[in-house]
Every structure is written in C-alpha cells, then in structure tokens.
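The lines below spell out each chain.
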Amino acid sequence: MAKIPTHDVIIVGGGAAGLSAGLVLARAQADVLIIDSGHPRNAPAHQMHGFLSRDGMDPKGFLEAGRREFVSYNGAIIHSTVSQAAGQAGSFRLTLDDGSAETTRAILVATGLSDDLSLVPGMHERWGTLVHHCPYCHGYEVSSQRISVIGGQAREMSIKQAGLLRRYSDAVTFVTNDIQLEQAERNRLEAIGVRIIEGLVTHLNGAFGTLTSIALSDGSVVDSDAVFIAPTQHPHDTLLRALGCSVSDVSGLVTTDGFGQTSVPGVWAAGNVVSPTAQVITAAGAGGASAIAINGWLLHHDIDAAVAARN
Ligand SMILES: Cc1cc2nc3c(=O)[nH]c(=O)nc-3n(C[C@H](O)[C@H](O)[C@H](O)COP(=O)(O)OP(=O)(O)OC[C@H]3O[C@@H](n4cnc5c(N)ncnc54)[C@H](O)[C@@H]3O)c2cc1C
C-alpha cells in the first residue's frame, strides 16, 4: 500500500507569493508546509513600494509579518532549499539540501527569479539602493535626480524605462551600451527630452555605497544620482521542469492557467517564477489565487475518496 503523504501542500519558497498562499491554505485548515531558503528578490532594497497599505515598508519586516500570520494558523516553515522534486498528483516527494525528504499531495512552487547583475561592474553592490530595474517601485524616490538608464540585456524594457523615467526627472540620460536604437526609437525618446548617449559602459563610479557617475569606454563619464537597467532574469524553475511542467516556446516560461495550475496535475506555480513582471502585490495575489485553487482540488479528491470508501 502506498505511503500516505505527510502534508496536504508543500509550498517551495516563502516570499510574497508563497506566504500569501500559505496563509490562505492554513486558514482553510490544510496541512501546509513552507520550505524557504530565505533569499527573496527584493531583499537588497530598504523599502517596498506600491503595495496598498504597506507602501514604504521594509521588505524584511513585510515577510516577517507574513511568517507570523502564517504560523499563527498552525502553518509550518522549514528554512532550507528544495533540491529535487518527483512524483505525481497525490504523492510527491521533495528532497531538501540536507538529504532529508518531505512528502505531499500537492506542490506550489513560488521560488522567484534571479536578476543577472553581471553586465556592469559595480551594479551588484548598489542593487536596490542606487541601481534599480523598476520605475514603479523606485522611480518616485529618485524624482528630480540625475537618472541614467543603461541599455540592459532586456532591450524593449530598457527603452521603455528611459521613457517612463522622464516623468520623474528632467535629467534622464539613456546610455545605449549594447543596444542599437532604430531612428524611430531615438526620435521618440528625444521628443520627450531623454538625452541619448551611444557608448559602452565600463563601470560605475563612487565609493562603497555611493554613486557619482557611470564610466564609458571612451573615458567620458555621465554624472548620475541613480541608475536603472533591465537585466536578464532567470526564473528559479528547475523543480517545475524536473516535474515535467510545460514551457512556453514564446516566453520560455513555465505555463500556468489563471490560477497557477501547471500542465502537471497537483503542481501549481505563482509569483516571479512564472511571472517575472509581478510586483509584490501581484505575486501575493497570485499566491492567494493558487491557494484557493489547490484547496478546491484537495477537497475534490477528498470527496472522491470518501465516496469510494462508502461504496
Ligand atoms: C531590488 C528590488 C527591489 C524591488 N522593489 C519592489 C517594490 O518596491 N515593490 C514591488 O512591488 N516589487 C518590488 N520588487 C519586485 C519583488 O521583489 C517581487 O515582485 C517579489 O519578490 C516576487 O515575490 P515571489 O514570492 O514571487 O519571489 P521572492 O520574493 O523572490 O521569494 C522567493 C523565495 O523562494 C525561495 N527559494 C528559491 N528557490 C528555492 C528552493 N529551491 N527551495 C526553497 N526556497 C527557495 C527564495 O529564497 C525566496 O525566499 C523589487 C525587486 C528587486 C530586485
């Protein structure tokens, strides 16, 4: 006889998406375990913006509050990394990096993504404080400052950033870096007052924790108070792929329906791992929506089992 899984749901990842899902599931009286390695994407930032009623909150404090709420409903958290996932609907086995294993009927993967900060030396140590990617998260805070947008690996987003940031400042410079602008793109940016410099960025200048300018390969510098860049993003979707979840040919992302259900029964995904543009509030919303779908799925299977047992 197959061993009964220990948990109804294991959530891999305890950021905004995972904790929101955990809260809903724990309140629904499910046996839910969150396994989290503790590196949420926005950890380098001192403030979180754009989350109604939480605007300006410290991202760490936000997650601490979420964890307190989750455990107050008997939710369990393990601080660890899930390295492997296998099984099928109703019976999954997750292996943690210390070699231990947990079993579960359903899985929600909410593991987020990594931003590739290797393009320009000096970005990593300023990420989230002086170097940003999201005008909606940090544009307001750099209003009226000298903003440089460095052409990043994500071409369209880089050009969009330069346009969006013009709303906040009269001093926006787009340094093209590896991006070749079409004449029409150049015209559109210049028409709204974005200064364009064609040149390769070599590094960022400023003592540790500060930024004075960005340095170009021709020896010139662009004085800057803040930098924006659109880097390549790497979703942490190894577990989803190992479980056989379908991936879109177009986006390269694991596909889900509107409630986070992947192509594999019993496996859900929410937040940045499947939706790189999700902000904290939308990642949390996706987690909550997935939780409701998972709970409905569990109930359906519980009723099926009860009916079978009665007949
Ligand atoms: C610098 C910066 C600032 C930002 N500022 C804002 C802002 O002001 N407002 C806003 O709305 N958005 C902001 N964002 C975006 C925000 O970070 C994301 O929207 C949000 O983190 C997505 O939540 P998530 O739960 O999907 O992923 P995350 O918050 O990244 O959480 C994923 C969790 O999964 C864990 N994990 C990963 N793999 C495993 C594994 N194998 N096993 C166990 N655990 C694992 C990670 O350690 C992490 O704790 C910012 C992003 C950055 C980079």
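Description of the nonpolar core
And step 1. Within the largest apolar cluster, 29 residues are counted, with the highest numbers of intra-cluster contacts made by Val 9, Ile 11, Leu 25, Val 32, Phe 62, Leu 108 and Ile 294.
And step 2. Mapped onto this core, the elements with two or more residues apiece are β1 (7-12), α1 (16-27), β2 (32-36), α2 (59-72), β6 (101-109) and α7 (280-310).
And step 3. For this core, the leading source of residues is α7, giving seven residues.
And step 4. Residues in contact with Leu 108, not counting those within four places in the same chain, are Val 9, Ile 10, Ile 11, Val 12, Ala 21, Trp 268, Ala 269, Ala 270, Ser 290 and Ile 294.
And step 5. If you look at the next biggest cluster of nonpolar residues, it comprises 21 residues, including Leu 33, Phe 92, Leu 96 and Val 254.

Topic: unusual backbone geometry
Trans peptide bonds make up most of the peptide bonds, and negative phi angles are found at most residues other than glycine.
And step 1. Located in the positive-phi region is Gln 29, a residue other than glycine, with phi close to 70 degrees.
And step 2. Within the secondary structure layout, Gln 29 lies in the loop between α1 and β2.

Observations regarding the packing of α1 against α7
And step 1. Closest axis-to-axis distance for the α1/α7 pair is 7 Å, and the angle between their directions is 40 degrees. Regarding α1 and α7, the two cross each other, and that crossing is right-handed. Two secondary-structure elements touch here, α1 through Ala 16, Ala 17, Ser 20, Ala 21, Val 24 and Leu 25 and α7 through Val 280, Ala 283, Ala 284, Gly 287, Gly 288, Ala 291, Ile 292, Ile 294 and Asn 295.

Overview of the sheet that holds strand β12 (residues 201-205)
And step 1. Taken together, the three strands give an open sheet; going across it, the order is β12-β13-β14, and neighbouring strands pair in antiparallel fashion. Since the sheet does not close on itself, it has two edges, and those belong to β12 and β14 (221-223), each with one partner. Sheet twist, expressed as the mean angle between neighbouring strand axes with direction ignored, is 20 degrees.
And step 2. In the sheet, β12 pairs with strand β13 (residues 213-216) via four bridges, with the strands oriented antiparallel. The residue of β13 that forms the bridge with Leu 204 is Ile 214.

What about the site of the ligand?
And step 1. Taken together, 37 residues lie near the ligand, and Asp 36, Ser 37, His 39, His 49 and Ala 278 sit nearest.
And step 2. Between the ligand and Gly 38 there is a distance of 3.2 Å, counted from an oxygen atom to a backbone nitrogen or oxygen.
And step 3. One of the backbone N or O atoms of His 39 is found 2.7 Å from an oxygen atom in the ligand.
And step 4. Protein contacts shield 96% of the accessible area of the ligand, which totals 1,000 Å² for the unbound molecule.
And step 5. Of all elements in the fold, only α1, β2, α3 (135-138) and α7 reach the threshold of two or more residues within the shell around the ligand.
And step 6. Residue composition of the shell around the ligand, grouped by class: 14 nonpolar, 20 polar and three charged.
And step 7. The residue makeup of the shell around the ligand includes at least three contributed by each of domain 1 (7-115 + 233-310) and domain 2 (124-229).

Description of the packing of α1 against α2
For any two helices packed against each other, one specifies the crossing angle of their axes together with the interaxial distance.
And step 1. It is the contact of α1 with α2, at a shortest axis distance of 9 Å, that shows an interaxial angle of 20 degrees. Compared by their axis directions, α1 and α2 come out roughly parallel. Relative to α2, the crossing made by α1 is left-handed. Listed contacts from α2 to Ala 16, Leu 19, Gly 22, Leu 23 and Ala 26 of α1 are Phe 62, Leu 63, Gly 66, Arg 67, Glu 69 and Phe 70.
And step 2. When grouped by side-chain class, the residues that make up the contact of α1 with α2 number seven nonpolar, two polar and two charged.

A short note on the sheet that holds strand β8 (residues 131-132)
And step 1. Pairing is parallel across the open sheet formed by five strands, whose spatial order is β8-β15-β9-β10-β11. Two strands close off the open sheet at either side, each with one partner strand: β8 and β11 (195-197).
And step 2. Where strand β9 (residues 147-150) meets strand β15 (residues 226-229), four bridges bridge the pair, whose relative direction is parallel. Note that in β15 the partner of Ile 150 across the bridge is Ile 229.
And step 3. Packing of helix α4 (residues 155-165) onto the sheet brings it into contact with β9, β10 (172-175) and β15, and relative to β9 it is tilted by some 165 degrees.

Conventions adopted
- Residues numbered from 1 in each chain as written.
- Predicted model: local features only at pLDDT ≥ 70, side-chain atom pairs only at ≥ 80, totals over all residues.
- Heavy atoms only, no water.
- Core = buried A, V, L, I, M, F, W, Y, C linked by side-chain atoms within 4.5 Å.
- Buried < 20%, exposed > 50% of the residue type's maximum accessible area, 1.4 Å probe, protein only.
- Helix = DSSP H or I, 4+ residues; strand = E, 2+ residues; numbered from the N terminus.
- Contact = heavy atoms within 4.5 Å.
- Axes fitted to C-alpha atoms, helices over the stretch in contact; angles between N-to-C directions.
- Left-handed = near helix turned anticlockwise from the far one by under 90°.
- Pairing = 2+ DSSP bridges.
- Near = heavy atom within 4 Å.
- Polar contact = N/O pair within 3.5 Å; in protein donor to acceptor, adjacent residues only side chain to side chain.
- Areas by Shrake-Rupley, 256 points an atom, 1.4 Å probe, with all protein chains shown as cover.
- Nonpolar A, V, L, I, M, F, W, Y, C, P; charged D, E, K, R; others polar.
- Domains from an automatic or database assignment.
- Parallel < 35°, antiparallel > 145°, perpendicular 65-115°, else oblique.

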